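Fold and geometry: a report
Spelled out, the chains give:
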Amino acid sequence: GAVVSQHPSRVICKSGTSVKIECRSLDFQATTMFWYRQFPKQSLMLMATSNEGSKATYEQGVEKDKFLINHASLTLSTLTVTSAHPEDSSFYICSASGGGSNTEAFFGQGTRLTVV
Amino acid sequence: GQNIDQPTEMTATEGAIVQINCTYQTSGFNGLFWYQQHAGEAPTFLSYNVLDGLEEKGRFSSFLSRSKGYSYLLLKELQMKDSASYLCAVRPDTKLIFGTGTRLQVFP
């Protein structure tokens, strides 16, 4: 299957700072990328859909000014958690799709964010 | 809204068969996926159903009934390494919405 690389795998930051997470599709062009958040012992919650060259579409209840998403190219999307707080500590996972409604989504390795 | 339900936890014995159910109510339907996820890791793809019926893949099979909004994942000849969370996900349009997830624990 296709490879999606997510970086960093773990990050610890101080409260009030911003953290950027990168998601790259290594061997295919990803017209659409998705960002999920997962709290312990819970399932993946979709945060936003990122489309190359256009603004991201955020799910209800997700603050677009806090979770900035940029999809500047067909192989890279970034999620920036701005002014992070301890309650933002979570596992963030990206997935990328090559396009089309029946295309499998490939997942990155995930980023464990801890805000202290 | 989108609603995808699974049992929270299940237990089974090594060598046995277990069936994990998933019911869904979504605004559209472009396929149903099953993923396996070990703690602290990203989900890995298991199966995809878009037409009614059973898809078999080795020890894993997945069934879909679109009219009933129902799917199940069947795991045969359970092994200890099958202890993980199993996530049902539906694609109502282009995005993938995950169910609540089922934590399966396999005992010797």
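Look above for the structure.
Attention in this report is confined to the structure presented alongside it. (Residues numbered from 1 in each chain as written. Chains lettered and ligands numbered in written order. Predicted model: local features only at pLDDT ≥ 70, side-chain atom pairs only at ≥ 80, totals over all residues. Heavy atoms only, no water.)

1. Some thoughts on the environment of Val90(B)
Residue and element names in this part refer to chain B. Put simply, the rule reads: Runs of E in the DSSP output that reach at least two residues are strands. Runs of H or I that reach at least four are helices, and both are numbered from the N terminus. Only protein chains enter the accessibility calculation, which uses a 1.4 Å probe; a residue is then buried when its area is under 20% of its type maximum, exposed when over 50%, and partly exposed in between. Any two residues having at least one pair of non-hydrogen atoms within 4.5 Å are treated as being in contact.
Relative to the assigned elements, valine 90 resides in strand β9 (residues 84-90). Residue valine 90 is classed as buried on the basis of its relative accessible area of 0%. For valine 90 and leucine 64, which are 26 residues apart along the polypeptide, the C-alpha to C-alpha distance reads 11 Å. Residues in contact with valine 90, not counting those within four places in the same chain, are Ile4, Tyr24, Thr26, Gly28, Phe29, Gly31, Leu32, Lys95, Leu96 and Ile97.

2. So, the sheet that holds strand β7 (residues 67-73) of chain A
All names here are of chain A. We apply this condition: The criterion for strand pairing is that DSSP finds at least two bridges linking the strands in question. Angular values range over 0 to 180 degrees, each being the angle between N-to-C directions of two axes fitted as lines to C-alpha atoms, with helices fitted over their stretch in contact.
Ordered by their spatial adjacency, four strands build an open sheet running β1-β3-β8-β7, and the pairing between neighbours is antiparallel. Strands with a single pairing partner mark the edges of an open sheet, and in this sheet they are β1 (4-7) and β7. Across this sheet, the average inter-strand angle for adjacent strands is 15°, counted without regard to direction. With four bridges connecting them, β1 and strand β3 (residues 19-25) associate as antiparallel partners.

3. Quick word on the pattern of salt bridges
Put simply, the rule is: Any Lys or Arg side-chain nitrogen located within 4 Å of an Asp or Glu carboxyl oxygen qualifies as a salt bridge.
Going through the model one piece at a time under the given rule, you end up with six salt bridges over all chains. Among the salt bridges present, the one from Lys66(A) reaches Asp88(A), with a minimum N-O distance of 2.9 Å. Remark: Asp88(A) occurs in the loop between β8 (76-81) and β9 (90-97) and Lys66(A) occurs in the loop between β6 (57-58) and β7; sequence separation between them is 22 residues. Two residues, Asp82(B) and Arg59(B), come together in a salt bridge whose shortest N-O distance is 2.8 Å. Of this pair, Asp82(B) sits in the loop between β8 (70-75) and β9 while Arg59(B) sits in the loop between β6 (53-57) and β7 (60-65), and the two are 23 residues apart along the sequence. Across the pair, exposure class does not vary: Asp82(B) and Arg59(B) are buried alike.

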